[in-house]
Amino acid sequence: MVFHINRLRNYLILSSRRLKQVIAGAADFSIITFVIIFLLFINEFKIEDFDPVIFIRLLIIPAFSIYIFYKFGIYKSIHRYIDITVIYLFVKAILLALLLNLIVGFIFNQIFKTPGLGLIVLNDSSSFLNYFTGVLSVIILIVGSRLFAVHFFNTKKNKKRVVIYGAGSAGLQLAEALKVSLEMRPIAFIDSDPALIGTYLGGIKVMDPGSLERLSQRQKVDEVLIAMPSISKSILNRLLREIELLSIKVRILPGLAELALGKVLVSELKEVDISDLLGRYEVEPNRKLLNKNIKDKVVMVTGAGGSIGSEISRQIIKYNPKKLIILDVNEFALYEIKQEIEKLLHKDKVFSVLANVTNQSRMTEICNAFMIDTIYHTAAYKHVPIVEENPFEAIENNIIGTQSCALAAIEAEVETFVLISTDKAVRPTNIMGATKRFSELILQSLSNKVDMECNTRMTMVRFGNVLGSSGSAIPLFQKQIKEGGPVTVTHPEIIRYFMSIQEASELVIQAGAMGKGGDVFVLDMGEPVQIVELAKRLIKLSGFQLKDEYNPTGDIEIIFTGLRPGEKLYEELLIGDNVGKTEHKQILRAEEDYLSYVELKTALKLLKEAELKGDILSMKNILQETVVGFTPEKDIVDVLYLQKNH
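Since we're looking at a predicted model, the values are computed, not measured. (Residues numbered from 1 in each chain as written. Predicted model: local features only at pLDDT ≥ 70, side-chain atom pairs only at ≥ 80, totals over all residues. Heavy atoms only, no water.)

Asker: Even after reading the chapter, I still don't get the overall build of the chain, so can you show me in this structure?
Answerer: Scanning the chain from terminus to terminus reveals 23 helices and 23 strands. Classification of the 646 residues of the chain by burial places 49% in the buried group. Taking all contacts inside the chain whose residues are at least 6 apart in sequence as the whole, residues at least 24 apart take part in 74%. Only carbon and sulfur atoms are counted for the fraction: they give 57% of the accessible area of the chain, which is about 32,400 Å². (Helix = DSSP H or I, 4+ residues; strand = E, 2+ residues; numbered from the N terminus. Buried < 20%, exposed > 50% of the residue type's maximum accessible area, 1.4 Å probe, protein only. Contact = heavy atoms within 4.5 Å. Areas by Shrake-Rupley, 256 points an atom, 1.4 Å probe, with all protein chains shown as cover.)

Asker: In this structure, what is going on with the packing of aromatic side chains? I would like to understand it.
Answerer: Centre-to-centre distance and the angle between the planes together describe a pair of aromatic rings. Per the counting criterion, the structure on display carries two aromatic pairs. With a centroid separation of 5.3 Å and 55° between ring planes, the pair formed by phenylalanine 351 and phenylalanine 370 is classed as tilted. Linking phenylalanine 351 in strand β10 (residues 350-354) with phenylalanine 370 in helix α14 (residues 360-370), this pair joins segments that are 19 residues apart in sequence. Given a relative accessible area of 28%, phenylalanine 351 falls into the partly exposed group. (Phe/Tyr/Trp six-rings, centres within 6.5 Å; stacked < 30°, edge-to-face > 60°.)

Asker: Looking at this model, I keep getting lost on the packing of helix α18 (residues 473-482) against helix α20 (residues 531-541). Mind explaining?
Answerer: Two numbers describe a pair of packed helices, the interaxial angle and the distance between the axes. Put simply, α18 and α20 touch, their axes get as near as 10 Å, and they point 40° apart. Judged by the angle between their axes, α18 and α20 are oblique. Read as a crossing pair, α18 and α20 show a hand that is right-handed. Across the interface between the two elements, Ile474, Phe477, Gln478 and Ile481 of α18 pack against Ile531, Leu534, Ala535, Leu538 and Ile539 of α20. Here the residues of the contact of α18 with α20 are counted per class, giving eight nonpolar, one polar and no charged. (Axes fitted to C-alpha atoms, helices over the stretch in contact; angles between N-to-C directions. Parallel < 35°, antiparallel > 145°, perpendicular 65-115°, else oblique. Left-handed = near helix turned anticlockwise from the far one by under 90°. Nonpolar A, V, L, I, M, F, W, Y, C, P; charged D, E, K, R; others polar.)

Asker: In this structure, what is going on with the nonpolar core? I would like to understand it.
Answerer: Side chains that are nonpolar tend, in soluble globular proteins, to be buried together. Ranked by internal contacts, the top residues of the largest apolar core, which has 55 residues, are Met300, Ile372, Ile399, Phe438, Met619 and Leu623. Membership of the second largest hydrophobic core comes to 37 residues, among which are Val299, Ile501, Ala511 and Ala513. (Core = buried A, V, L, I, M, F, W, Y, C linked by side-chain atoms within 4.5 Å.)

Asker: Which parts of the structure should I look at to understand the sheet that holds strand β12 (residues 416-422)?
Answerer: Read across the open sheet, the nine strands follow the order β10-β9-β8-β11-β12-β13-β18-β23-β22; overall the sheet is mixed. The open sheet has two edge strands with one neighbour each: β10 and β22 (579-581). With direction set aside, neighbouring strand axes in the sheet form an average angle of 25°. With respect to the sheet, helix α19 (residues 501-514) is in contact with β11 (374-377), β12, β13 (457-463), β18 (519-523) and β23 (587-590), its orientation differing from that of β13 by roughly 150°. (Pairing = 2+ DSSP bridges.)

Asker: Looking at this structure, I do not really get a nonpolar patch on the surface. What am I missing?
Answerer: A cluster of nonpolar residues, Phe34, Phe38 and Leu141, forms a patch on the protein surface that exposes about 280 Å² of accessible area. Mapped onto the elements of the fold, leucine 141 is located in helix α5 (residues 125-153). (Patch = residues over 30% accessible without salt bridge, like charges linked within 9 Å, V, L, I, M, F, W, Y side chains within 5 Å. Salt bridge = Lys/Arg side-chain N within 4 Å of Asp/Glu carboxyl O.)

Asker: Looking at this structure, how should I read unusual backbone geometry?
Answerer: Negative phi is the rule for most residues except glycine; trans is the rule for most peptide bonds. Between glycine 485 and proline 486 the backbone carries a cis peptide bond, its omega angle lying at 0°. Structurally, the position occupied by proline 486 is in the loop between α18 and β15 (487-489). Positive phi is not limited to glycine here, since asparagine 320 has a value of about 55°.

Asker: Would you explain the sheet that holds strand β21 (residues 556-560) in this entry?
Answerer: To summarise the sheet geometry, strands pair through backbone hydrogen bonds and adopt either a parallel or an antiparallel arrangement. In spatial order, the strands read β15-β21-β20; together these three strands make up an open sheet with parallel pairing. Looking at which strands have only one partner, the edges of the open sheet turn out to be β15 and β20 (546-547). Pairing of β15 with β21, which is carried by three bridges, proceeds in the parallel orientation. What sits directly across from valine 489, in β21, is phenylalanine 560. Sitting on the sheet, α18 touches β15 and β21, and the angle it makes with β15 is about 150°. Sheet strands touched by α20: β15, β20 and β21. Its angle to β21, the strand with the most contacts, is close to 165°.

By themselves, these are just geometric observations and shouldn't be taken as functional.
As structure tokens, then:
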């Protein structure tokens, strides 16, 4: 029986609008006809009294009423999503239809001295009572049929039971949006406002925060939707810590900026991400510093198709550059970022250049052709394990590429050159970090080269892990959680600094504006975070229980895979202790030793020779002699080289 009902329900839901309107009209016709017959019989009507006028009344009155309903737009309503507004429309249409029927009946009575086509002729109190009964019956039955349709089509058994945290404007809009959701149904609001607790908003009860635990224990809630777009990151982090103890999946409505242009949409809900968990306080950017190297300047971003380069490009267009040149060796990545930027900046101001940063003559030609004022050099190979397996490619791209761009900038008299560096450049244990520190040394030596005039201000900005960058561990964790686990972490004690990609890009631009030449800036990354703890929190806030020795029946476990080649347990931002403040509280200036350009040229020549021979051990030795603190690990590449030569 249930199977047949479900088949009927699915058939009706998937049927055409026209068929649904015909069914609704037929139902209304039947209801009105039934009410007329009912009123006739309570007025002691007998079958033998049946005449053509009564038959016409049984046909014309319902048909006329259906026509009125149609004109009112009643049949344009989707029955599954009826609310109080639509019910009000129904009542108005019914009252109008029956009133017009009464008027027609009255006219026919006056002209033809017959009850005519009216439902009841009001000639005494009894007929008035009958008419009132008819009107009330039609309203109850027709509205009742719609409410039955709501119940019949909106099967709530398969819907997720969700709690909306926040009974403000955003929460109310979200609850309204969920009325048409096929996946969720709100069962309660959670709010700490004493004036709201215990009240009902849109038929949904507002409960205190402590009620969430009780609902969870009774297994009455599947998901929590946080609808407080103006909440600070620190308060959101505290709220998430409370909810994660209950192992309920959490989704969050975006901030006010994202919602300013329209109503709240269910599709705008996002999964909890790492930036929500960090609760990091972001300092308001200094607009003077943001404008200094961009406003009315010709700006070039190398590696513009990468995660950092593309975000810096997005930030640049906010500050009205004269021109923006986006450069990358990857054609598709360049195409994608250009398509995005051209929607926000006039096409005449955006130029895409397909080029390799290692080609110095090409880079000089580009700088001269566009008369570049500012360069943000983000082009680099950055994935530690891949670079460990391809060390000479990293030297060519990261070191030679930086040297080529810097020399091109000097020759073309570019005003400012900003290198995007990394915390892995500090006492590196991997090739990637060593090449980035070598790149810093090149800029430091060029800025202080006594036998060559350098009017280009060379600046380096060093920071840690960026949320949302390609290859980051966090998206991998989220993917593994969705697939049911396990979540893989390299080491239980590994810690990292994190910063949002937008904040990092803004700080890079501001730091570049403060450079005097040869400056090494480091960004205040806040407190380091233990990766395994982030993994645990993401598991719990995704609605799963952690599977470990204390809870062997949990859902998702964490597996430790061991440190990858060249990976450190923790990263540093400073080589020495000589660091000073700047006019921006999140940007520090480091005073660090460097080599002369003559020494670096010798090292570069030796690296080239090692590359030509494919001599990995010599290459690592040269990097060790040049980069302070570089302690490479022996890996499979070294072993293969030794086997080949012995």
